[in-house]
Each structure stands twice: as C-alpha cells, then as structure tokens.
Amino acid sequence: QITPPQQVSAILEKLAKNGFEAYLVGGCVRDCLLGTDPIDWDLTTNARPEQVKKVFAAYPVLETGIRHGTVTVLLDHVPIEVTTYRSDIGYTDHRHPDAVRFTPDLREDLARRDFTVNALAWSPETGFIDYFNGINDLAQRRLRCVGEASVRFEEDALRILRALRFSSVLGFPISPDTSAAIHQKKELLSFVAAERVQKELSRCLCGKNIQEILLDYPDVLSLFIPQLSRMKGFEQHNPHHVYDILEHTAKAVSVIEPDPVLRLAMLFHDTGKPDCFSIDEDGVGHFYGHAQKSVQIAKKALQTLRFDRTTIENVLFLVKYHDTMLPTERKGIKRWLNRFGETKLRLLLPVKYADTLALAPEYHHRLSELHDFSEMLETLLQEQACFSVSQLAVNGNDLIQAGVTKGPQVGVALEFLLNAVIEETVPNDREQLLKYWKEQKGTDQ
Ligand code: ATP
Ligand code: MG
C-alpha cells in the first residue's frame, strides 16, 4: 500500500471522480516499494492534456511538456506532473521518439518505460499494476529492461547510462541479458548530448554500487574517459598496490563520500598512470609525473562533458595534489592554507584518506599521518591562525602611514609581513608588526 502526499491523492481522486483512470507511475512506485522517499510523484492518466486542464481548471496548470502529453498541476504550490498514457514511435536519432501517440491503454504506456522496476503503476482502487514482473525484480534486486534490451537501447541510448546509474544508486545488479546489450550497444552513446552524459555520470558515481559498475563496465565509461580501459589489468610492480589501477580506482571512488567533486577526483586521480610507467633496475614500478598527466586527462574529459567551472577547478586541484606529501608542522600547514585556502584543503583530506584506504592494508598506517594533519589543521583554524593578508593585524594604510610608498610596494610589504607571521618570527599584532617593519626596513638600507 502507498500513502502519497495529500495533494497527490487529491489529484488521483479528482481524475477518478471525473471518470478517468489515474495512476502513480515510475520512480515513486519503485521507491515506495523499496521503502525510500520518492523525489517526485509522477501521475499517468488516460485523460488527454486538454481534459486534465479542464478537470483542474480551478488550479494553475503549466504546460511543461505538452507535446509529450505532460502538464504540471500546482496544488498548494506543490508541482505534480500528470502525463497522458502514450506510446513512442520511431527513434531515428537513437535518443528521442520521432512522435508520440496518446493511447487509452495503460499497458502500452508502461511498455515504453525503460526498466521493469520503473514500469509499475499504482492507484488506490487497483493497487499495484505489474505487467512486466517489476515487483519480482525489485524483490530479487535486479535491473532489467522492459522488452528486448538491445532494441530498447537502439531506441534511446541514454537508457544505457540510466541502467548504470540505477544499478549504482539502487545497488541492483544488472540482469545478464540487459548487461550483454549494454556492452554490445555502447557505441550508441555518441548520440547522447554531453550534458545528459554528465548528469547521469555524476549520479552514477555517487551511487553505493559504483565499485561494481567501474569494474564491470570500463568499456562503456571509457567512451568518455578513454584511459579506464587501459587501467584494467595494469600490473603496477609496486608493493603499495595489491590491485591493478582500475581496481584501486574503483575502490577509492567507492570509499570516498558520495559528493560529485570528490568522486570525480578519485575517478581521475590515477588515469595518468598508464602513460607514466617505468620499471627501475630493481624491478619496482614507478609512475613519475602521473598526477600532472591525470590532470590533463581530467581537464579534457570534464570540459568535453561540460562540467561547470568550479567543479573542474576543484577536481583538477585534488587530482594534482592527491599524491603530494602533506606538511606535518604548523608553519607548513599555514603555508598550504595560504596557497590553497581552507575550502580546498578540506576537500583534499578525504581524497588522501580514500587513496590510502585503497592501498594494500600494510600501508594503512599512513592514515594516522593524515589524522595528525587534520587535527593540526583544525587547531590552526580554531585559533584563527593568520595565513592570508586579509587576516593581518595591519593593512595597506597602516603601512603607508609608516612610510611605505603608495602602489605595488604596499602589496610587497604586506606579503613580507605575512610571511614573517606564518613563519612565527613575529606575532600578528599591530604594534609589533609595525615595529618589525621599521627594524627590517632599517637593516635593508
Ligand atoms: P529518479 O527521479 O529517481 O531519477 P525516476 O525513475 O523517477 O527516477 P525519471 O527520469 O524521473 O526517473 O523518469 C520517470 C519515469 O519515466 C521512469 O521511472 C521511467 O518509467 C520513465 N523514463 C524516464 N526516462 C526514460 C527513458 N529514457 N526511456 C524510457 N523510460 C523512461
Ligand atoms: Mg523521477
């Protein structure tokens, strides 16, 4: 049984009272059966869009997708999408139907949907409608196409990425026939717009099953990140690594918290390795300069997928420094704070944790070094340690009054004093800073 929000029930009821069929459909039915909260509540009905508008004449109705039969009814400011039963015809571009046709048959509407677990309907009068064994697939935790998988991917290639995303997010393995069709039809992904790939990839990366997806579908994902295929089976000849590069990456992605920037950073952090590999005379493998190479690879891929500038900037920072030794004492950490700022350093810590956790267990003692860094960082931030010019107890005007010439000299002097404060040669105190400045000026001349 489903208890939808009151506004949703009201819409179902009103359509039924007016002699129409109306069902909850798709993600909300699936999520209710899984016991999770649906993101939105979609309705499907045999009423045509004009008829829906007539039934809800007293309410604001937005024509949000009228060509596909979708209108949005606003009830108490809650937007609810109501879509007329339809079937899609012809997919010349492997992405959009050439035309949609309204149908009086719920079964036809459910048949056009992508996966069996997304093709369930429910109404208070009928309970669950399950023409494609979706309830059984939910119970078995199995993602399976409605109908012949390869045909469904031919129609709309986005479904290939939706399959990976739902599998990752729901934690459902993909059924063998659907999985085989994904590998077979992956090239069709070239018909999907970069923005759509980007959205699906981000959601996929943030799913709980991402480790399996990366290990099982590198051939698909390498259409967007070509290096992934080469990372599979790459023997690192290095005692740090008990896994090949792809296994290490998949593990690192899965252990970091599900935030797109952090997960993208882990996805890309070692992509430069295959290009930077050498073996020394002792038979130990090295990857000199791999972080920089990974930055180049990440930049190209993220720009092609049209990620926003802030995401790209943060991911590239994290990839670039994921392998750099962190400072361990106060002054060093303050210098890092000065160079990168608090926000970026806070992102770098989980990246280094995840990278270390994905190494062989005997290297996990490095986690304690990270812990020490983290504690010291918190202490410095708590005591509001000065690491930027804006935190200095003197400003440009103070220095001009103390005799510094207006112009670029002021900046130089402030940097000089900041450096002295970071190095703890002088406390961040107005009088002492001015005194120190005069002394230093004296020794300069
Ligand atoms: P979520 O909202 O959590 O992403 P959802 O299942 O609601 O999951 P939507 O993208 O909101 O997914 O789509 C709603 C429903 O429309 C789906 O459950 C599915 O039945 C159908 N659907 C969406 N996109 C496609 C598609 N590309 N091909 C076939 N059916 C689709
Ligand atoms: Mg939805």
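Described below are features of the structure shown in this document. Since the structure is predicted, the reported quantities are computational estimates derived from the model, not experimental observations.

Thresholds applied
Along every chain, residues carry numbers that run from 1 in the direction the sequence is written. The naming scheme follows written order: chains are lettered A onward, ligands numbered 1 onward. Residues qualify for local features only when their pLDDT is at least 70, as the model is predicted, and side-chain atom pairs are given and counted only at 80 or more; totals for whole chains, interfaces and linings, by contrast, use all residues. Note: side-chain values were computed over all heavy atoms of the structure, leaving out hydrogens and water. Every helix listed is a DSSP run of H or I at least four residues long, and every strand listed is a run of E at least two residues long, numbered separately from the N terminus. Exposure classes here rest on a 1.4 Å probe applied to the protein chains alone. A residue is buried below 20% of its type maximum, exposed above 50%, and partly exposed in between. Every residue pair with non-hydrogen atoms within 4.5 Å of one another is taken to be in contact. Note on areas: Shrake-Rupley, 1.4 Å probe, and residue coverage restricted to the protein chains presented here. Neither His nor the chain ends contribute to the count of charged residues, in which Lys and Arg are positive and Asp and Glu negative. Charged side chains are reduced to one point each, which is NZ for Lys, CZ for Arg, CG for Asp and CD for Glu. N or O atoms closer than or at 3.5 Å make up a polar contact, with two conditions inside protein: a donor-capable atom paired with an acceptor-capable one, and, for residues adjacent in sequence, both atoms drawn from side chains. Any Lys or Arg side-chain nitrogen located within 4 Å of an Asp or Glu carboxyl oxygen qualifies as a salt bridge. Each Phe, Tyr or Trp ring, with Trp reduced to its six-membered ring, pairs with another whose centre is within 6.5 Å; inter-plane angles below 30 degrees give stacked pairs, above 60 give edge-to-face pairs, and intermediate values give tilted ones.

**Some remarks on the overall build of the protein**
Working step 1: A tally of regular secondary structure across the protein gives 22 helices and 11 strands.
Working step 2: If you line up the protein on its principal axes, its C-alpha atoms span 95 × 65 × 40 Å.
Working step 3: Residues counted as buried form 51% of the 445 residues belonging to the protein.
Working step 4: Contacts spanning at least 24 positions in sequence make up 62% of the contacts within the protein whose residues lie at least 6 apart.
Working step 5: When the accessible area of the protein is evaluated, it comes to approximately 21,400 Å², of which 49% is carbon and sulfur surface.
Working step 6: When the 51 positive and 61 negative side-chain charges of the protein are each reduced to one mean point, those points stand 4 Å apart.

**Looking at the side chain of Thr103**
Working step 1: With respect to the helices and strands, Thr103 occurs in the loop between strand E7 (99-102) and helix H4 (106-111).
Working step 2: The exposure class assigned to Thr103 is buried, which follows from its relative accessible area of 5%.
Working step 3: At 3.0 Å, the side chain of Thr103 forms a polar contact with the side chain of Glu108.
Working step 4: Discounting residues that sit within four places of it in the chain, Thr103 has contacts with Tyr85, Arg86, Ser87 and Glu108.

**Remarks on the pattern of salt bridges**
Working step 1: Per the counting criterion, the structure on display carries 29 salt bridges.
Working step 2: For Asp31, the salt bridge is made with Arg30, and the minimal N-O distance between the two is 3.0 Å.
Working step 3: The exposure class assigned to Arg30 is buried, which follows from its relative accessible area of 8%.
Working step 4: A salt bridge links Glu424 to Arg330; the shortest N-O distance between them is 3.0 Å. One end of the pair, Glu424, is in the loop between helix H21 (408-422) and helix H22 (430-444); the other, Arg330, is in helix H17 (residues 330-340), and 94 residues separate them in sequence.
Working step 5: The partly exposed category is assigned to Arg330, whose relative accessible area is 28%.
Working step 6: Salt bridges linked by common partners bring Arg95, Arg152, Glu155, Asp156 and Arg159 together as one network.

**A few points about the packing of aromatic side chains**
Working step 1: One pass over the full model with this rule turns up 13 aromatic pairs.
Working step 2: Taking the centre distance of 6.4 Å and the plane angle of 75° together, the rings of Tyr131 and Phe132 count as edge-to-face.
Working step 3: A relative accessible area of 17% means that Phe132 is categorised as buried.
Working step 4: When the centroid spacing of 6.1 Å and the interplanar angle of 70° are considered together, the rings of Phe416 and Trp437 count as edge-to-face. Separated by 21 residues along the polypeptide, Phe416 in helix H21 and Trp437 in helix H22 bring together distant segments of the chain.

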